[in-house]
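Each chain, letter by letter, is given below.
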Amino acid sequence: MPVMVARLGQQDIVEPSEELRLSMIVMLASFIDLCGQKISPYLNDTVMILQRTLVDPYHEVKKESCNCCCKLALAAPREFHMEAESLVKPILCSIGHQHSRVRVACIKALGITIQHGSATSIDNALLQLAQRSSDQAPSVRACLSLIIGNWLLDLYDRYSYQYKLMPLLLTFFYDEVEDISKSAVEHWDKIGAKYEEENEKDLKDQMDFPTQPKVPSQLKFPLPRLGCRVMVQRNFSKILPALLKDLTDWTVNSRIKSSQLLYILLYHLEDHVTHHLQSVLSGLYHSAQDDEQLVVKQAMQCSELIGFYVNPEVWTSLVLPAVETSAGCHGDHGKRTSDVAVGPIQCTSCVLVLAGLIRGATREKIEPQLKVCVVPRVHITINHAYVLLICMYGCYRA
């Protein structure tokens, strides 16, 4: 070990040969396998070596170093817990490597290192993990989905990080690879089941006397179990600010993923979204005027979900003033009735959101509110838009 520390554990590369550095790391992995728990006296030396080899220029050395991290955590978990945090930064330095196999190895190593170390390291890793959720390699996304799911299932302090980890896992529901999407849904169901077990006292009444929730016909995914819905409902207020910010991000991919995530969260929230409706609608107004048609489509689908779950009396009191204000109309006392900006684009986005809300609402709930949708003080062109919406509603339900 002293020789290996001297050759591999220094600030600068002492061993110039890539093949020899790789052979020594492979030998170190064999030491860990053979010694098991008895590697503990040399754990500090091993960690010192891995801190350097994880950022080695040779990609094979990086991969084998990640493998060593995993083996070391399983061989001496108690001692590794004290040193794990010092390995997180070197792993993150290589997690964006150009080779997908290196990225997969780094994500696996990060998962086990944080699992057996301190959950506080998640804060340092979140940005990198969010970037990898859009990785071009399916193997990287599949590995990340599995690691995030395992954290939400087994991480010691997982409740403190639910609102940070849930969005990462839920975004995989829309993954273009069906196996990844299916795996994320199944993992999420297991997480919800465990949450129900751990919070049986709080959820006892809902579990003993379940009410079959109404499911909109346009729902894209299976209705989540009670534990999943409660987790989202209890964490949504912490997720929403960052989500609204990402809905207006300058990158198209971020806006698409954020709008997809909002849809997933909304069907978990059901009517609980009422408490956050003003903020959610503001985000939808922005998304409905996006240049990317996929974002606009997602905004309309989110509007339909809200229209289905929320009483029309609630959302008409918020959306109609927004339409009036964006059209340049003011209240009876000449005051603005909403904080929405004035302009044809803003007005169109508000009308689109209103259209989605009407389409999503059930007949018995929306019919009493249809007359409210034609407001005399609104400019004539907006009246025409309202009439068009009502006609759309009639055609949609016919």
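About the criteria used
- Residues numbered from 1 in each chain as written.
- Predicted model: local features only at pLDDT ≥ 70, side-chain atom pairs only at ≥ 80, totals over all residues.
- Heavy atoms only, no water.
- Helix = DSSP H or I, 4+ residues; strand = E, 2+ residues; numbered from the N terminus.
- Buried < 20%, exposed > 50% of the residue type's maximum accessible area, 1.4 Å probe, protein only.
- Contact = heavy atoms within 4.5 Å.
- Areas by Shrake-Rupley, 256 points an atom, 1.4 Å probe, with all protein chains shown as cover.
- Axes fitted to C-alpha atoms, helices over the stretch in contact; angles between N-to-C directions.
- Parallel < 35°, antiparallel > 145°, perpendicular 65-115°, else oblique.
- Left-handed = near helix turned anticlockwise from the far one by under 90°.
- Salt bridge = Lys/Arg side-chain N within 4 Å of Asp/Glu carboxyl O.
- Expected span 1.5 Å × (residues − 1).
- Polar contact = N/O pair within 3.5 Å; in protein donor to acceptor, adjacent residues only side chain to side chain.
- Lys, Arg positive; Asp, Glu negative; His and termini not counted.

Let us now look at the overall build of the protein. Secondary structure summary: the protein contains 20 helices and 0 strands in total. Sorting the 398 residues of the protein into buried and exposed places 52% on the buried side. Considering only contacts within the protein whose residues lie at least 6 apart along the sequence, 72% involve residues at least 24 apart. Accessible surface, the protein: about 19100 Å² in total, of which carbon and sulfur atoms supply 54%.

Another aspect to go through is the environment of isoleucine 112. Inspection of the secondary structure assignment puts isoleucine 112 in helix H7 (residues 100-115). As for isoleucine 112 and leucine 72, which are separated by 40 residues in sequence, their C-alpha atoms are 9.8 Å apart. The residues touching isoleucine 112, leaving out its near neighbours within four places in the chain, are Cys70 and Ala73.

Axis separation between helix H14 (residues 252-269) and helix H16 (residues 293-309) bottoms out at 9 Å; the angle between their running directions is 15 degrees. Regarding the angle of H14 to H16, the classification is roughly parallel. For the pair H14 and H16, the crossing hand works out as left-handed. For the pair H14 and H16, the contacting residues are Arg255, Ile256, Ser259, Gln260, Leu262, Tyr263, Leu266 and Tyr267 in the first and Leu294, Val295, Gln298, Gln301, Cys302, Leu305, Ile306 and Tyr309 in the second.

Tallied over the full model, the rule gives 16 salt bridges. Linking glutamate 198 and arginine 158 is a salt bridge whose minimum nitrogen-to-oxygen distance equals 2.3 Å. Linking glutamate 198 in helix H11 (residues 178-198) with arginine 158 in the loop between helix H9 (138-154) and helix H10 (162-170), this pair joins segments that are 40 residues apart in sequence. Its relative accessible area of 37% is what places glutamate 198 among the partly exposed residues. Ionic contacts of the salt-bridge type, sharing partners, join the residues Arg103, Arg132 and Asp135 into one network.

In an α-helix, one turn spans 3.6 residues, which is why side chains three or four residues apart end up on the same side. Along its 15 residues, helix H17 (residues 312-326) runs 20 Å from first to last C-alpha, staying within 8% of the 21 Å computed at 1.5 Å per residue. Among the 15 residues of H17, 11 are classified as buried, and the element is accordingly described as predominantly covered. Where H17 is concerned, the buried positions are Pro312, Trp315, Thr316, Val319, Leu320, Pro321, Ala322, Val323, Glu324, Thr325 and Ser326. Two or three places before glutamate 313, at the opening of H17, asparagine 311 has a side-chain oxygen 3.0 Å from that residue's backbone nitrogen.

Before going further, it helps to spend a moment on unusual backbone geometry. Phi is positive for glutamate 270, which is not a glycine, with a value near 55 degrees. With respect to the helices and strands, glutamate 270 occurs in the loop between H14 and helix H15 (277-287). Overall, the relative accessible area of 11% leaves glutamate 270 in the buried class.

Looking now at H10. Here H10 lies mainly inside the structure; 7 of its 9 residues are buried. Within the sequence span of H10, burial applies to Gln162, Leu165, Met166, Pro167, Leu168, Leu169 and Leu170. For H10, the secondary structure elements touched by its buried residues are helix H8 (122-132), H9, H11, helix H13 (226-247) and H14.

With that settled, consider the packing of H9 against H10. In contact at an axis separation of 9 Å, H9 and H10 are set at 150 degrees when each is read in the N-to-C sense. Read as a crossing pair, H9 and H10 show a hand that is left-handed. Across the interface between the two elements, Ser145, Ile148, Gly149, Trp151 and Leu152 of H9 pack against Gln162, Leu165, Met166, Leu168 and Leu169 of H10.

Residue placement: lysine 62 occurs in helix H4 (residues 59-75). Here lysine 62 sits buried without a salt bridge, and the closest side chain of opposite charge, aspartate 56, lies 6.9 Å off (N-O distance). Among the polar contacts listed, one links the side chain of lysine 62 to the backbone oxygen of aspartate 56, at a separation of 3.0 Å.

On to the environment of serine 349. Along the polypeptide, serine 349 turns up in helix H18 (residues 344-360). By relative accessible area, serine 349 is classed as buried at 1%. Expressed as a C-alpha distance, the spacing of serine 349 and alanine 288, which sit 61 residues apart in the sequence, is 4.9 Å. Once you skip the residues sitting within four places of it in the chain, serine 349 turns out to touch Tyr285, Ala288 and Gln289.

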